[in-house]
Amino acid sequence: MVRAWCSRGDLPSAKLALLNETGAEAAAVTNMGCECAATTWAILMATGTRSLFVAQGLITVWRVVDVKSDPRYWCLLVGVAALLLETAYTLIRRKGAEFKWFAPSYLCFLLCTVPGIWFLELDRWDRFHGAHLKSNSSSNSSSKPLAEGLSSIYGLSIPIYLDADTWIQALQQVLMLLLVLARWTLPKGKISRERLSQILLVYIALASDIIELFDLYELQQVMHDWLIFRVILIVWTVSLMQFTVVLASARSRRSPMAVAGTKSTTYTTRSGRQINCIEVLSLITTMFIQDMPFLAIRLYIVIFYEVMSNTLLFFAAKNALIIAMQLYRLLIITCCTDDDKDGDGFVDEDEDNVEPEMPVPYDEEDYVSPTLRRAQKTVKNERSSDVELLKVSFKPKFSTDNGHGQHLPGAVPEVAD
């Protein structure tokens, strides 16, 4: 382009074309630099998060080997090997980017840690019943739990000394904290910061409920029931699987305008109402994987064992309330019309004079309230009518006849007052 303008002798146009090409090249270089920086940051965050996963898995398996005094339990490191393979694939093929709906790193991390925690909890069962038999045979059984550390491997040791039960609690709590932290630090992809903050709040609420479930092992009645002891472990394991699927991102307390999904995730009924399938699936998954089983276990302990502790009753009531709210949310999404979603199900006869409650918008710049929309429509109609009046008022009033019975071309006929 520059050569063409120069050959024509038009130097100003040549300079302008040169500036445009230089600006486009500079913009392309800037975009390339931003993409490289974003890719590098994603790789660093993905590597750092998975390094924490690997460290937690190694410590868990290490503790199991020390408790069982059997080196064959090192085979639990298969989960760590799967995590390393997943890390290599994510860094090399996907440049640190995560999958949209499934988190394989979470699944590999759970394969590293959950089997080890199962063995440690079963060891707690054996220790409790062994200590119970010793206490029945001897009268003076006031033994204080001893602090234990990890054994030394090839001269490597970790200076952490905790008793056996505290080791289990620490590993469980660090597991839940890493699940929440990883969702924050891993590359977010196309998830907005607002939605990410909502996901983190949901994860923290789920993690607190899951951690409290192991407090049931402090009850003597639970430790004497072989069935309920293992049912708690099974329910805990199943509840962790919900973190591997990123369905909580569809949870939102915003208006239907904000949660409207894409064509692939939205189902349109015959009446024209759109239903967000991902949000419905998220509510059903959380309700059947966590809230309902947790409520059943707590009610079983309250009813059959007659345990009336404040913490147990509080979390049981919390699970029941969450289930009721989730059912109500499902009813609103699937059965109610768009008018009923914004109110109590009744439409006022004079709805033009009543300003509806303003929902929280997805983007405040693009949102226009119904009252403002009606005002803009009224102003637009008034302006159009004023323009028509002006056109009629300012039409020239002269005769179209030139005196010889011929009409002037383009003349406007005379308008009578």
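From a predicted model like this one, the values you see are computed outputs, not experimental measurements.

Thresholds applied
- Residues numbered from 1 in each chain as written.
- Predicted model: local features only at pLDDT ≥ 70, side-chain atom pairs only at ≥ 80, totals over all residues.
- Heavy atoms only, no water.
- Helix = DSSP H or I, 4+ residues; strand = E, 2+ residues; numbered from the N terminus.
- Contact = heavy atoms within 4.5 Å.
- Salt bridge = Lys/Arg side-chain N within 4 Å of Asp/Glu carboxyl O.
- Buried < 20%, exposed > 50% of the residue type's maximum accessible area, 1.4 Å probe, protein only.
- Core = buried A, V, L, I, M, F, W, Y, C linked by side-chain atoms within 4.5 Å.
- Expected span 1.5 Å × (residues − 1).
- Polar contact = N/O pair within 3.5 Å; in protein donor to acceptor, adjacent residues only side chain to side chain.

(A) Highlighting the side chain of Gln 242. Examined against the element boundaries, Gln 242 turns out to sit in the loop between α8 (226-240) and α9 (256-259). Ignoring anything within four residues of it in the chain, the contact list for Gln 242 reads Leu 206, Ile 210, Thr 286 and Gln 290.

(B) The pattern of salt bridges, seen in detail. Under the counting rule described, the total for this entry stands at 10 salt bridges. As a salt-bridge pair, Asp 70 and Arg 72 come within 2.9 Å of each other at their nearest N and O atoms. In this structure, the salt-bridge partner of Asp 209 is Lys 318, at a minimum N-O distance of 3.6 Å. Taken together, the residues Asp 209 in helix α6 (residues 193-213) and Lys 318 in helix α11 (residues 310-334) connect sequence positions 109 residues apart. Overall, the relative accessible area of 23% leaves Lys 318 in the partly exposed class.

(C) Examining the nonpolar core more closely. Leu 179, Tyr 217, Ile 232, Trp 236, Leu 240, Phe 243 and Ile 301 are the most contacted members of the largest nonpolar core, which has 48 residues in total. Counting only elements with at least two residues in this core, the list comes to α2 (11-68), α3 (78-92), α4 (104-137), α5 (164-185), α6, α7 (220-223), α8 and α10 (277-304). Each residue touching Trp 236, except ones within four places of it in the same chain, is listed here: Val 114, Ile 117, Trp 118, Leu 175, Ile 210, Leu 213 and Phe 214. Residues Val 280, Met 287, Leu 330 and Ile 333 belong to the second largest nonpolar core, which totals 9 residues.

(D) Main features of unusual backbone geometry. The phi torsion at Ser 69 lies on the positive side, around 55°, for a residue other than glycine. On the basis of relative accessibility, which here comes to 62%, the residue Ser 69 falls in the exposed class.

(E) Up close: α5. Compared with the 32 Å implied by 1.5 Å per residue over 22 residues, the 31 Å span of α5 between its first and last C-alpha is a close match. Along α5, the residues that are buried comprise Ala 164, Trp 167, Ile 168, Leu 171, Gln 172, Leu 175, Met 176, Leu 178, Leu 179, Val 180, Ala 182 and Arg 183. Near the N-terminus of α5, the side chain that reaches the backbone nitrogen of Asp 165, with its oxygen 3.3 Å away, is that of Asp 163.

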